[in-house]
Amino acid sequence: MPQSVREFLRCRVLRPLLRLLRGGVTPRRLAWSLALGMVIGINPTVGITTVILILIAWFFHLSQTASQIGSHIVAPLHVLLFLPFIQAGVHLFRTRRLPFTRQQLHHLSHHPVQMVRNIWQWEWHALVVWGAIAVILTPLLAIYLRRALVLLMRRHPTLMHTRPATQ
């Protein structure tokens with residue numbers, strides 16, 4: 001792994017998580033916060049992930065910081081999984097395929113009502129697919145993240161007793 005990536009992960013992911021653990025957040029709550037952030041971070045919507053995450057983390061009394069870290073960790077996956085979620089929704093609900101040719105896009109651009117209707121249909125179908133995956137993925141991620149956090153605490157007990165690094 002390149003040194004810059006390793007340093008970024010250390011400074012922007014590991015240190016804030018260790019600060020939360022030292023501050024009294026339990027590994028269980030931290031794991032659920034991260035898992036929720038990661039799963040919501042890959043949802044097939046654009047522009048509302050942070051707001052949704054803030055509301056859900058607040059409702060379940062989870063760590064806002066950890067959930068935002070989880071969401072930002074998977075940001076590249078969000079971009080990569082956007083079209084596959086939409087394609088899976090098209091396939092599952094047997095709706096009109098996405099326009100990929102220039103002629104199809106040109107046709108849609110001249111029919112704005114149909115375009116908005118199609119985009120909304122593709123979006124909610126993709127959200128249904130994502131929701132089904134999220135129901136399974138969130139608890140699994142939380143279990144494995146909790147185990148990883150407990151292992152981290154056991155292997156590095158000094159991390160829990162030292163003062164947080166200042167930036």
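What you see is a predicted model, and the numbers here were worked out from it, not measured in a lab.

A. Seen up close, the overall build of the protein. Scanning the protein for helices and strands turns up eight helices and zero strands. Going from N to C terminus, the protein has its helices and strands arranged as α-α-α-α-α-α-α-α. Here the C-alpha atoms of the protein give a radius of gyration of 20 Å, more than 25% beyond the 15 Å that 2.2 N^0.38 yields for 167 residues. Dimensions along the principal axes, computed over C-alpha positions, put the protein at roughly 65 × 35 × 25 Å. Counting across all 167 residues of the protein, residues that qualify as buried make up 35%. Element-wise, carbon and sulfur atoms account for 68% of the exposed surface of the protein, whose accessible area totals about 11100 Å².

B. Examining the packing of aromatic side chains more closely. Enumeration over the complete set of coordinates arrives at two aromatic pairs. Aromatic side chains Phe 59 and Phe 60 sit 5.1 Å apart centroid to centroid with 85° between the ring planes, which places their arrangement in the edge-to-face category. There is no split in this pair, since Phe 59 and Phe 60 are both exposed. Judged by centre distance (5.3 Å) and plane angle (55°), the ring pair of Phe 93 and Trp 124 falls under tilted. With Phe 93 in helix H5 (residues 75–93) and Trp 124 in helix H7 (residues 112–155), this residue pair connects regions lying 31 residues apart in the sequence.

C. Spatial organisation of the pattern of salt bridges. According to the stated counting rule, one finds one salt bridge in the structure shown. When the shortest N-O distance is used, the salt bridge between Glu 7 and Arg 10 registers 2.7 Å. In this pair, Glu 7 and Arg 10 both sit in helix H1 (residues 3–22), three residues apart, roughly one turn of the helix. The exposure class assigned to Arg 10 is partly exposed, which follows from its relative accessible area of 33%.

D. The arrangement of the confidence of the model for the protein in detail. Mean pLDDT for the protein: 88, with 93% of residues reaching 70 or above. Within the protein, helix H2 (residues 27–41) carries the highest mean pLDDT (96), whereas helix H8 (residues 157–161) carries the lowest (65).

E. Highlighting the packing of H2 against helix H4 (residues 64–73). Where H2 contacts H4, the axes come no closer than 7 Å and their chain directions differ by 40°. With respect to their mutual orientation, H2 and H4 come out oblique. When you trace H2 past H4, the crossing you get is right-handed. Here Leu 30, Ser 33, Leu 34, Gly 37, Met 38 and Gly 41 of H2 come into contact with H4, specifically with Ala 66, Ser 67, Ile 69, Gly 70 and Ser 71. A class-by-class count of the residues in the contact of H2 with H4 yields five nonpolar, six polar and no charged.

F. Quick peek at a positive patch on the surface. A contiguous patch of positive charge, built from Arg 28, Arg 29, Arg 146, Arg 147 and Arg 154, is present on the exposed surface. Of all the secondary structure elements, the ones that give two or more residues to the positive patch are H2 and H7.

G. Here's a closer look at a nonpolar patch on the surface. There is a patch of nonpolar side chains on the surface, built from Leu 92, Phe 93, Trp 120, Trp 124 and Val 128 and spanning about 500 Å² of accessible area. The set of elements that each furnish at least two residues to the nonpolar patch consists of H5 and H7. The greatest single-element share of the nonpolar patch, amounting to three residues, is contributed by H7.

H. Examining H5 more closely. Here H5 contains 19 residues, and its C-alpha end-to-end distance of 27 Å stays within 8% of the 27 Å for a straight helix at 1.5 Å per residue. The largest bend along H5 measures about 40° and falls at Leu 81, with the proline Pro 84 one to four residues further on. Residues of H5 that are buried sit in contact with H2 and H7. Once H5 ends, the next one or two residues include Arg 94, with phi positive near 55°.

Rules used throughout
Residues numbered from 1 in each chain as written. Predicted model: local features only at pLDDT ≥ 70, side-chain atom pairs only at ≥ 80, totals over all residues. Heavy atoms only, no water. Helix = DSSP H or I, 4+ residues; strand = E, 2+ residues; numbered from the N terminus. Rg over C-alpha atoms; globule rule 2.2 N^0.38 Å. Buried < 20%, exposed > 50% of the residue type's maximum accessible area, 1.4 Å probe, protein only. Areas by Shrake-Rupley, 256 points an atom, 1.4 Å probe, with all protein chains shown as cover. Phe/Tyr/Trp six-rings, centres within 6.5 Å; stacked < 30°, edge-to-face > 60°. Salt bridge = Lys/Arg side-chain N within 4 Å of Asp/Glu carboxyl O. pLDDT = per-residue confidence, 0-100. Axes fitted to C-alpha atoms, helices over the stretch in contact; angles between N-to-C directions. Parallel < 35°, antiparallel > 145°, perpendicular 65-115°, else oblique. Left-handed = near helix turned anticlockwise from the far one by under 90°. Contact = heavy atoms within 4.5 Å. Nonpolar A, V, L, I, M, F, W, Y, C, P; charged D, E, K, R; others polar. Patch = residues over 30% accessible without salt bridge, like charges linked within 9 Å, V, L, I, M, F, W, Y side chains within 5 Å. Lys, Arg positive; Asp, Glu negative; His and termini not counted. Charge placed at Lys NZ, Arg CZ, Asp CG, Glu CD. Expected span 1.5 Å × (residues − 1). Bend = angle between axes of the 7 residues up to and from the residue.

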